[in-house]
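Each chain, letter by letter, is given below.
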Amino acid sequence: MELIERFIEYTKFDTQSSEDCNTVPSTSKQLVFAEYLKKELQREGLDDIYLDEKGYLYATLKANVKKSDAPTIGFISHYDTSPDCSGANVKAHIVKNYDGSDILLSEGIVSSPKRFPELLNHVGEDLIVTDGHTLLGADDKAGIAEIVQAMCYLRDHKEIPHGDIRIAFNPDEEIGMGAHHFDVERFGCQWAYTIDGGDVGELEYENFNAASAKVTISGVSVHPGYAKGKMVNANRLAVEFAAMFPAEETPEATEGYEGFFHLVGMNTCTESATLSYIIRDHDRQHFEARKRRIVECVEAMNEKYGIGTVSAEVKDQYYNMKEKIEPEMHVIDIVLKAMQDSGVKPKVQPIRGGTDGAQLSFRGLPCPNIFAGGVNFHGPYEFVSVQSMEKAMKVIVNICQIAAQYNK
């Protein structure tokens with residue numbers, strides 16, 4: 001089975017995860033696809049295939065050199081798709097030799113470079129798109145297809161030296177739970193790569209430090225006609241609290257390495273209110289200062305309205321993997337060489353978000369993120385270039401070959 005056939009077959013499986021479920025995986029339909037992948041890996045002749053009850057699938061392409069001469073490295077992708085857009089009944093089709101014009105996905109639904117200028121980076125290429133009613137699932141079934149195809153290529157080209165190559169596919173990445181039950185010890189790698197980035201050349205080993213904050217406001221409800229000196233209107237206090245954070249430090253006003261406070265939800269009435277925030281910053285000191293800012297605003301509100309009126313629960317979520325990758329920069333150097341050998345221009349950039357690799361890096365598995373080729377994730381205008389997927393597969397093959405020559 002070739003790379004693109006493999007990917008399009010994967011898109012036929014609805015693997016949408018859900019933030020509203022407490023099971024692992026969050027949706028049982030993810031396990032259906034995991035079982036399919038397990039059988040596929042068996043057919044392709046991989047070894048040590050293991051699927052646990054939570055939907056984490058592991059396998060090995062055995063070394064063709066002495067194991068002592070080459071490190072064991074790994075490649076990881078997630079098979080769930082985003083809850084933001086339907087992943088059911090995906091109808092993928094290929095636009096051959098894209099000419100830079102509007103793409104008619106289906107009647108009345110157009111993907112236009114006027115709205116999505118990224119399309120123009122792929123003129124002359126073959127684009128895989130949807131019918132405009134679902135996401136495509138390149139995030140991250142493209143990554144899975146590229147990894148599996150790379151393993152098949154190495155299997156069939158024994159002249160390419162490589163050590164043991166471990167691969168793993170997991171559920172629930174899109175809801176932030178992908179790495180939580182990942183068995184790093186079973187995986188048994190010296191380092192790994194998530195194949196979960198966007199367009200060609202993307203290489204990411206810096207991500208946000210992340211925390212959540214839940215702010216609770218206790219009001220006092222009194223008949224408004226007799227409220228003077230008695231009412232504490234939690235609605236109004238919620239608005240006041242939200243206004244304590246600079247407008248220029250929000251997601252819509254920041255880019256690159258700039259951090260932010262993001263008010264993701266409010267639930268208010270006169271008697272009570274809750275505000276949910278996420279806090280993000282690449283710099284660890286700035287990140288800690290942002291968390292303190294939440295506490296300081298709570299203290300200021302309580303000084304004004306009375307102790308206990310406002311409270312906040314701040315929880316760390318994940319940290320910037322840069323501090324774990326920098327001592328192991330050979331992991332990055334190998335990718336840069338692999339991209340060069342594949343004719344790919346590297347685009348080293350920070351992730352304005354998180355990645356499973358960040359959590360895994362802090363669990364002892366250095367794990368930067370490499371492009372899978374998809375664009376416009378999480379929506380019906382998602383697409384991936386056939387040529388981009390082929391380049392990603394080639395980079396994976398070259399990483400395996402270059403790593404076989406690495407001796408720390």
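Keep in mind it's a predicted model, so treat the numbers as computed, not measured.

Caption draft 1: Broad picture of the overall build of the protein chain. Scanning the protein chain for helices and strands turns up 10 helices and 18 strands. Against the globule reference of 22 Å for 408 residues, the protein chain gives a C-alpha radius of gyration of 24 Å, in line with a compact fold. Principal axes of the C-alpha set define a box for the protein chain whose edges measure 85 × 55 × 40 Å. A total of 408 residues make up the protein chain; the buried ones form 54% of that total. When contacts within the protein chain are restricted to residue pairs at least 6 apart in sequence, those whose partners lie at least 24 apart make up 79%. For the protein chain, the exposed surface amounts to about 18100 Å²; the carbon and sulfur share of it is 48%. On the protein chain, the mean spot of the 41 positive side-chain charges and the mean spot of the 62 negative ones are 3 Å from each other.

Caption draft 2: Structural detail: the environment of H78. Within the fold, H78 resides in strand 3 (residues 73-78). H78 sits in the buried class, given a relative accessible area of 2%. Sequence spacing of H78 and D196 is 118 residues, and the spatial spacing of their C-alpha atoms is 7.9 Å. Setting aside its immediate chain neighbours within four residues, H78 contacts D139, D140, K141, I144, N170, E173, E174 and D196. A polar contact is formed between the side chain of H78 and the side chain of E173, at a distance of 3.1 Å. A polar side-chain atom of H78 sits 3.2 Å from a polar atom in the side chain of D196.

Caption draft 3: Geometry of the sheet that holds strand 9 (residues 191-197). Reading across from one edge, 1-2-8-3-9-16-10-15 is the order of the eight strands in this open sheet, with mixed pairing throughout. Of all strands in the sheet, those bounded by a partner on one side alone are strand 1 (47-51) and strand 15 (347-348). Along the sheet face, helix 2 (residues 29-43) touches strand 1, strand 2 (57-61) and strand 8 (165-170) and points at about 170° away from the line of strand 1. Along the sheet face, helix 8 (residues 330-341) touches strand 9, strand 10 (202-204), strand 15 and strand 16 (369-371) and points at about 55° away from the line of strand 9.

Caption draft 4: Main features of the side chain of T134. Along the polypeptide, T134 turns up in the loop between strand 7 (127-129) and helix 3 (138-156). What T134 contacts, discounting residues up to four positions off in sequence, is C85, S86, A88, N89, V90, G379 and P380.

Caption draft 5: Expanded view of the pattern of salt bridges. The tally for this structure, following the rule as stated, stands at 21 salt bridges. In this structure, the salt-bridge partner of R290 is D281, at a minimum N-O distance of 2.7 Å. The two residues R290 and D281 agree in class, both being buried. K337 serves as the salt-bridge partner of D341, at 2.8 Å between the closest nitrogen and oxygen. Taken as a pair, D341 and K337 lie in helix 8 at a separation of four residues, close to a single helical turn. The exposure class of K337 is partly exposed, given its relative accessible area of 38%. Connected through salt bridges with shared partners, the residues R6, E40, E44, R155 and D156 form a single ionic network.

Caption draft 6: Region of interest: the packing of aromatic side chains. Scanning the entire structure with this criterion turns up 19 aromatic pairs. Taking 6.0 Å as the distance between ring centres and 75° as the angle between the ring planes, the aromatic pair formed by F33 and Y79 counts as edge-to-face. You can see F33 sitting in helix 2 and its partner Y79 sitting in the loop between strand 3 and strand 4 (93-95), a full 46 residues away along the chain. On the basis of relative accessibility, which here comes to 0%, the residue F33 falls in the buried class. Each ring, one from F245 and one from F261, has its centre 4.8 Å from the other, and the planes form 50°; the classification is tilted. In this pair, F245 is assigned in the loop between helix 5 (234-242) and strand 12 (260-268) and F261 in strand 12, connecting sequence segments 16 residues apart.

Caption draft 7: Region of interest: the sheet that holds strand 7. The strand order across the open sheet built from four strands is 4-7-18-17, with neighbouring strands paired in antiparallel fashion. Every interior strand has two partners, whereas the edge strands, strand 4 and strand 17 (374-375), have only one. One ladder, built from two bridges, connects strand 7 with strand 18 (residues 383-385); its direction is antiparallel. Counted as the bridge partner of I128 is V384 from strand 18.

Caption draft 8: View of the pairing of strand 11 (residues 209-218). The pairing of strand 11 with strand 13 (residues 272-281) spans 10 bridges and is antiparallel. Bridging from a neighbouring strand, S212 pairs with I278 of strand 13.

Caption draft 9: The arrangement of the packing of helix 3 against helix 10 (residues 386-403) in detail. Relative to each other, helix 3 and helix 10 sit at 50°, their axes nearing to 9 Å. For the element pair helix 3 / helix 10, the angle class is oblique. Handedness of the crossing formed by helix 3 with helix 10: right-handed. Facing helix 3, whose interface residues are A142, A145, E146, I147, Q149, A150, M151, Y153 and L154, helix 10 presents M389, A392, M393, I396, V397 and C400. Looking at the contact of helix 3 with helix 10 residue by residue, the class counts come to 13 nonpolar, one polar and one charged.

The rules behind the values
- All residue numbers here refer to positions counted from 1 along the written sequence of the relevant chain.
- Since the coordinates come from a predicted model, pLDDT governs what is reported: local features require at least 70, and pairs of side-chain atoms require 80 or more to be given and counted, while whole-chain, interface and lining totals use all residues.
- No hydrogens and no water enter the side-chain calculation; it runs on all heavy atoms of the structure.
- Think of it this way: any DSSP run of H or I at least four residues long counts as a helix, any run of E at least two long counts as a strand, and we number them from the N terminus.
- The size measure is the radius of gyration over C-alpha atoms, and the globule rule it meets is 2.2 Å times the number of residues to the 0.38 power.
- Three labels apply to residues, based on accessible area from a 1.4 Å probe with only protein chains included: buried if under 20% of the type maximum, exposed if over 50%, partly exposed otherwise in between.
- Whether two residues are in contact is decided by their heavy atoms: any pair within 4.5 Å suffices.
- Here the open area of atoms and residues is found with the Shrake-Rupley method and a 1.4 Å probe, where only the protein chains shown may cover a residue.
- Under the convention used here, Asp and Glu are negative, Lys and Arg are positive, and both His and the chain ends fall outside the count.
- Where a charge sits is defined by one atom per residue type, namely NZ (Lys), CZ (Arg), CG (Asp) or CD (Glu).
- Two N or O atoms count as a polar contact when they lie within 3.5 Å, although within protein this holds only if one can serve as hydrogen donor and the other as acceptor, and sequence-adjacent residues are included solely when both atoms are side-chain atoms.
- Being paired, for any two strands, means DSSP has found at least two bridges between them.
- Every angle, taken between N-to-C directions, lies between 0 and 180 degrees, and every axis is a line fitted to C-alpha atoms, over only the stretch in contact when it is a helix.
- Every case where a carboxyl oxygen of Asp or Glu lies within 4 Å of a side-chain nitrogen of Lys or Arg is listed as a salt bridge.
- Each Phe, Tyr or Trp ring (for Trp, its six-membered ring) is paired with any other whose centre lies within 6.5 Å, and the angle between the two planes then decides the class: stacked below 30 degrees, edge-to-face above 60, tilted in between.
- An angle counts as roughly parallel when it lies under 35 degrees, as roughly antiparallel when it exceeds 145, as roughly perpendicular when it falls between 65 and 115, and as oblique in every other case.
- By the definition used in this description, the sense in which the near helix is turned from the far one sets the handedness, with an anticlockwise turn below a right angle giving left-handed and a clockwise turn giving right-handed.
- When residue character is reported, Ala, Val, Leu, Ile, Met, Phe, Trp, Tyr, Cys and Pro are called nonpolar, Asp, Glu, Lys and Arg charged, and the others, Gly included, polar.

This is a description of form; function is not addressed.
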